[in-house]
Amino acid sequence: MSLRAYGCGQEVLEGLKAETERIEGLFSVTKADSEIARLNAEGRIAPSAETRDLVGKALDLARETDGALDIALYPLLKEWGFTTGQYQVPAEARIRELLALTDWEKIELSDAELRVADGMALDLGSLAKGYTADVLTAKLKEAGVTSALLDLGGNIQAVGAKPDGSAWQIGIRDPQGEDHLGIVSVKGAAVVTSGGYERYFTGEDGQVYWHILDPATGYPAKSGLLSVTVIGPAGWRCDGLSTALFVMGPEKAQAHWKQAGDYELILVTDDGQVIVTDGLEELFKLSQPDKYTLTVWKRD
Ligand code: ADP
Ligand code: MG
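Residues numbered from 1 in each chain as written. Chains lettered and ligands numbered in written order. Predicted model: local features only at pLDDT ≥ 70, side-chain atom pairs only at ≥ 80, totals over all residues. Heavy atoms only, no water.

### Quick word on the site of ligand 1
Now for step 1: Inspection of the region around ligand 1 gives 19 residues, with Asp123, Ser194, Glu198, Leu213 and Thr243 positioned closest.
Now for step 2: Lys129 is positioned such that a nitrogen or oxygen atom in its side chain is 3.2 Å from an oxygen atom of ligand 1.
Now for step 3: In the environment of ligand 1, an oxygen atom lies 2.8 Å from a nitrogen or oxygen atom belonging to the side chain of Glu198.
Now for step 4: Contact with the protein chains hides 94% of the accessible area of ligand 1, taken as 560 Å² for the molecule alone.
Now for step 5: When residues in the shell around ligand 1 are grouped by element, the largest group, 3 residues, is from helix H7 (residues 235-260).
Now for step 6: When residues of the shell around ligand 1 are assigned to domains, at least three fall in each of domain 1 (9-125) and domain 2 (148-297). (Near = heavy atom within 4 Å. Polar contact = N/O pair within 3.5 Å; in protein donor to acceptor, adjacent residues only side chain to side chain. Areas by Shrake-Rupley, 256 points an atom, 1.4 Å probe, with all protein chains shown as cover. Helix = DSSP H or I, 4+ residues; strand = E, 2+ residues; numbered from the N terminus. Domains from an automatic or database assignment.)

Structure below.
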């Protein structure tokens, strides 16, 4: 995590760090006393307003993406070893068995209670960093800060513009190498990337398995995409969408982008294309034109 803010004292940044730890204390699946960990252990909790809010947003996004985003995948993620680093390819029968426990439609959320079925467990990892960036942005604005750049590991949040008024230049990672894929200019926006390159292992069969699962199959999502970057106003939504669109693949992602109308995209496909949506045409510069061909999606 790296936080850079202009026009404020160190104590403001210290406050952001404390705030991040507080939010982690609500949503972490590994901290035994977090609200989500207690829910996973006990099956029901009386949620705080923030947990209710984020789970509600995640359920809305699950509906909107036809279940491509599914915060109930935790039992499967554990079985694959993505939570511990002890990776394994589970037996097919085991995947089928666990898939029955990973249905977001069985999450019950009301003002007073958050409840999951027996054996079910939640994981907000697909949108918690984006949500945290939103909270930190609000705190900075409260403190009068108009220029800051927050990097929460793959989740960038640009607050306002650079101190000189120009746009922030954000480097987008190449999912197939160490150099930048390209640079995008943004002001006051979240820039969130999800990709198969972040956490993965190679199985004994020589196949690469990564940490974003297709809730329809229980296996890593292979949709033709290597990475998805979503740029928009709300961090939680960009974060959740980057995971969901990675699962959905280019065609469904394009349809969703046209219909939603509130974000822009940079996609890398497994056949060497970089696709940007037309709102970024003037704002994105491809760094490696020899390696990738650039395609622009038009809205109509
Ligand atoms: P990262 O956390 O690596 O920056 P993401 O925002 O894409 O990347 O979130 C991936 C995390 O979300 C995984 O580590 C896993 O915990 C969880 N996850 C994996 N597949 C899904 C899915 N289809 N829906 C919701 N969460 C998922
Ligand atoms: Mg995400």
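### What about the coordination of the magnesium ion (ligand 2)?
Now for step 1: Taken together, Ser126 (O), Asp239 (O), Asp239 (OD) and Thr243 (OG1) make up the protein donors of the magnesium ion (ligand 2), found 2.2 to 2.5 Å from the metal.
Now for step 2: Each donor residue of the magnesium ion (ligand 2) belongs to the same chain, and together they define the spacing S-x112-D-x3-T. Taken together, the residues Ser126 in the loop between strand S4 (114-115) and helix H6 (128-142) and Asp239 in helix H7 connect sequence positions 113 residues apart.
Now for step 3: In this structure Asp239 comes out as buried when scored by relative accessible area, which is 4%. (Donors = N, O, S within 2.8 Å, 3.2 Å for Na, K, Ca; no water. Buried < 20%, exposed > 50% of the residue type's maximum accessible area, 1.4 Å probe, protein only.)

### Digging into helix H2 (residues 35-42)
Now for step 1: Every buried residue belonging to H2 is among Glu35, Ile36, Ala37, Leu39 and Asn40, and all of these are buried.
Now for step 2: Just beyond H2, the residue with positive phi is Gly43, at close to 85°.

### Concerning the pairing of strand S14 (residues 273-277)
Now for step 1: Taking burial as the measure, the 5 residues of S14 include 4 buried ones, the bulk of the element.
Now for step 2: Note: strand S13 (residues 264-269) against S14, 3 bridges, orientation antiparallel. Within S14, the position partnered with Leu267 by the bridge is Ile275.
Now for step 3: The antiparallel pairing of S13 with S14 creates a hairpin that spans 3 residues between the two strands, and Gly272 there sits at a positive phi of about 85°.
Now for step 4: Relative to strand S16 (residues 293-297), S14 runs parallel, the two sharing 5 bridges. Looking at the pairing, Thr277 lines up with Trp297 of S16. (Pairing = 2+ DSSP bridges.)

### Here we look at the side chain of Ser223
Now for step 1: Positionally, Ser223 belongs in the loop between strand S11 (208-210) and strand S12 (225-232).
Now for step 2: Of note is the side chain of Ser223, whose polar atom sits 2.7 Å from the backbone oxygen of Phe246.
Now for step 3: Setting aside chain neighbours within four positions, we find Ser223 in contact with Phe246, Val247, Met248, Gly249 and Pro250. (Contact = heavy atoms within 4.5 Å.)

### Quick notes on the environment of Ala62
Now for step 1: When you line up the elements, Ala62 lands in helix H3 (residues 49-64).
Now for step 2: Separated by 43 residues in the primary sequence, Ala62 and Glu105 have C-alpha atoms spaced 8.9 Å apart.
Now for step 3: Those residues within four positions of Ala62 in sequence are excluded, and the remaining contacts are Gly67, Leu69 and Trp104.

### Some thoughts on the sheet that holds strand S3 (residues 108-109)
Now for step 1: Taken together, the 3 strands give an open sheet; going across it, the order is S2-S4-S3, and neighbouring strands pair in antiparallel fashion. Each having just a single partner strand, strand S2 (44-45) and S3 make up the two edges of the open sheet.

### Remarks on the packing of aromatic side chains
Now for step 1: Within this structure, the stated rule accounts for 12 aromatic pairs.
Now for step 2: Between the aromatic rings of Trp80 and Phe201, the centroid separation amounts to 6.4 Å while the plane-to-plane angle is 50°, which identifies the pairing as tilted. Separated by 121 residues along the polypeptide, Trp80 in helix H4 (residues 74-80) and Phe201 in strand S10 (residues 200-202) bring together distant segments of the chain. Residues Trp80 and Phe201 agree in their burial class; the two are buried.
Now for step 3: Where Trp210 meets Phe246, the ring centres are 5.8 Å apart and the plane angle is 70°; that geometry is what we call edge-to-face. Separated by 36 residues along the polypeptide, Trp210 in strand S11 and Phe246 in helix H7 bring together distant segments of the chain.
Now for step 4: Its relative accessible area of 0% is what places Phe246 among the buried residues.
Now for step 5: Members of the aromatic cluster, connected to one another through ring pairs, are Trp80, Phe82, Tyr87, Phe201, Tyr209 and Tyr219.
Now for step 6: The ring of Trp210 carries the charged tip of Lys222 above its face, separated from the ring centre by 5.2 Å. (Phe/Tyr/Trp six-rings, centres within 6.5 Å; stacked < 30°, edge-to-face > 60°. Lys NZ or Arg CZ within 6 Å of the ring centre and 35° of its normal.)

### Considering the nonpolar core
Now for step 1: Among the nonpolar cores identified, the biggest contains 50 residues, and Phe27, Ile107, Leu124, Leu245 and Leu265 are the most heavily contacted of them.
Now for step 2: Looking at this core, the elements with two or more residues in it are helix H1 (10-27), H2, H3, H6, strand S9 (189-195), S12, H7 and S13.
Now for step 3: Per-element accounting of this core gives the leading share, 10 residues, to H7.
Now for step 4: Lining this core are residues from two domains, each supplying at least three of them: domain 1 (9-125) and domain 2 (148-297).
Now for step 5: Among the nonpolar cores identified, the runner-up in size contains 21 residues, and Leu149, Leu181, Val274 and Val276 belong to it. (Core = buried A, V, L, I, M, F, W, Y, C linked by side-chain atoms within 4.5 Å.)

### Overview of the sheet that holds strand S5 (residues 147-151)
Now for step 1: Ordered in space as S1-S5-S6-S9-S12-S13-S14-S16, the 8 strands form an open sheet in which the pairing is mixed. Every other strand in the sheet has two partners, leaving strand S1 (2-6) and S16 as the edge strands with one partner each. The sheet shows a mean angle of 10° between the axes of neighbouring strands, direction not considered.
Now for step 2: Contacts from H6 reach S1, S5 and strand S6 (155-160), with the element oriented near 20° to S6.
Now for step 3: Set on the sheet, H7 makes contact with S6, S9, S12, S13, S14 and S16; between it and S12 the angle comes to about 125°. (Axes fitted to C-alpha atoms, helices over the stretch in contact; angles between N-to-C directions.)

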